[in-house]
Amino acid sequence: MAWRKKKYIAANILDIYITKKLLATFFVAIGLISMIIIVFDLSEKLDDFISNQAPIRGLILDYYLNFIPHFVNMFGHLFFFISVVFICSQLTGRSETIAVLSSGISFRRFMRPFLFCAFLVALINLWLGNVLVPNANVPKLEFEKTYYRNPYHNQFYNIHIQTSKDTQVYVQRYNNALVTGYKFTRETFNDKQIVQKVHSETIVYDSIKKMWKMENYFIRNIDGLNETIEQGEQKYIDIGLLPNDFNINQIKTEVLDYKQLNEAIERETMRGSNIVTKLQVEKYQRLINPLAYIVLTVIGVSLCSEKKKGGMGLNLAIGIMLAFSLIMIMKMTQVFATNANMPPIVAVSLPLVVYGIIAAVLVAKAPK
């Protein structure tokens, strides 16, 4: 009993030691790299900030203070994995891992503090991606739009929007700056039969009347075998859309929290938008990608718990290669989802399933 009690106390001391070292290493690493990235970003955009007279207070509080959560959320799993490899390699290099395993503590028990930290950081990442980062991105992007470059002057082509169950709108081209659509068509259906077709050369939004002005319009009403035609030079019409609704390719997913993202998916699905898949990929990434912390932690501990000739340097090289290959595969499957009709949940889950298998193999081969 005394031996078991000593073993329990030793395991708890080990848990505290590894947890402190791992979390400290991770937060210091992510903090330092964030500062370096901020310096490079500032040097690139400094001329624009100066020429646009960006306020220093806004630059710090609205832009760079909100930049850090975005960066941590995007690359946190990479630096956490590097921290796991670094700490575990240190323990192995000093033969502490061998001593722990020789004392009767199992490899799975040895991994417990690493997995605890991974689970804790994964929860933080889940909260960052779905709550904090989208809200932080709002002032960040607004500041960038005002004082760096305004990305909002664009033209979009061949836009199809379903405004209601029985109404579809099409514009061949939409100019964001002029709030003008060209080659406008609206079709209204009843029991899958077209009952009205509206066409105009241009539609221009009138911000005072809150309506669209059609120019050179043509309206065809169909009632069975009877048809009536109306045409003219100008007419105001309510199409159930605002100017921003035509920016369907410009929905900024980075400013949508989890609830808003679900609402956007539902709305764009109803409209028949071609960005539904992109929104679904973003949703599943926010929910599933935090698991990368746990999978990469298992790989890192299994990989570095045995002494190798190359020591820590070799472990870090292999670890970084695995982490970057995971990121690359994630990007590839994301492209497959948006361009090759791969189901979004499969595209997001597949890389982690593959690396989960790799983690299981490494755990089976790890020293016991």
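What counts and what doesn't
- Residues numbered from 1 in each chain as written.
- Predicted model: local features only at pLDDT ≥ 70, side-chain atom pairs only at ≥ 80, totals over all residues.
- Heavy atoms only, no water.
- Pairing = 2+ DSSP bridges.
- Helix = DSSP H or I, 4+ residues; strand = E, 2+ residues; numbered from the N terminus.
- Phe/Tyr/Trp six-rings, centres within 6.5 Å; stacked < 30°, edge-to-face > 60°.
- Buried < 20%, exposed > 50% of the residue type's maximum accessible area, 1.4 Å probe, protein only.
- Lys NZ or Arg CZ within 6 Å of the ring centre and 35° of its normal.
- Salt bridge = Lys/Arg side-chain N within 4 Å of Asp/Glu carboxyl O.
- Expected span 1.5 Å × (residues − 1).
- Bend = angle between axes of the 7 residues up to and from the residue.

Colleague: Before we move on, can you summarise the pairing of strand β6 (residues 226-237) with the specific residues and values?
Modeller: Bridging between strand β5 (residues 211-223) and β6 involves 11 bridges; their strand directions are antiparallel. From the neighbouring strand, I222 faces β6, where its bridge partner is E227. Counted between consecutive antiparallel strands, the loop separating β5 from β6 contains two residues, among which G224 sits at a positive phi close to 65 degrees.

Colleague: Can you tell me about the packing of aromatic side chains, naming the residues and giving the values?
Modeller: Considering all chains together, one arrives at 15 aromatic pairs under this definition. Judged by centre distance (4.7 Å) and plane angle (80 degrees), the rings of Y63 and Y64 are edge-to-face. The class of Y63 is buried, set by a relative accessible area of 1%. Pairing Y63 with F143 gives two aromatic rings, centres 5.7 Å apart and planes at 35 degrees, and the pair type is tilted. With a gap of 80 residues between them, Y63 in helix α2 (residues 56-93) and F143 in helix α4 (residues 107-147) connect regions that are remote in the sequence. By relative accessible area, which is 5% here, F143 ends up buried. What links up through ring pairs into an aromatic cluster is the set F49, Y63, Y64, F67, F71, F75, F79, F143 and Y147. Lying across the ring of Y182, R173 places its NZ or CZ 4.0 Å from the centre.

Colleague: Go over the pattern of salt bridges with me, naming the residues and quoting the values.
Modeller: Counted according to the given criterion, the structure contains nine salt bridges. Its salt-bridge partner being R286, residue E282 comes within 3.0 Å of it at the nearest N-O pair. Taken together, the residues span about one helical turn, with E282 and R286 both in helix α6 (residues 276-288) at a distance of four residues. One exposure class covers both E282 and R286, and it is buried. One salt-bridge network, in which partners are shared between bridges, spans D41, K45 and E144.

Colleague: Describe the environment of A340, naming the residues involved and giving the relevant values.
Modeller: Summarising the element assignment, A340 is placed in the loop between α8 (311-339) and α9 (344-365). For A340, a relative accessible area of 49% translates into the label partly exposed. Taking the C-alpha atoms as reference points, A340 and I329, 11 residues apart in sequence, are found 15 Å from one another.

Colleague: Provide a residue-level description of α2, including the pertinent values.
Modeller: In this model α2 runs just 47 Å from its N-terminal to its C-terminal C-alpha over 38 residues, more than 12% under the 56 Å that 1.5 Å per residue would give. Along α2, the sharpest change in direction is near 65 degrees and occurs at F75. Immediately downstream of α2, the backbone of S95 shows phi near 65 degrees, a positive value.

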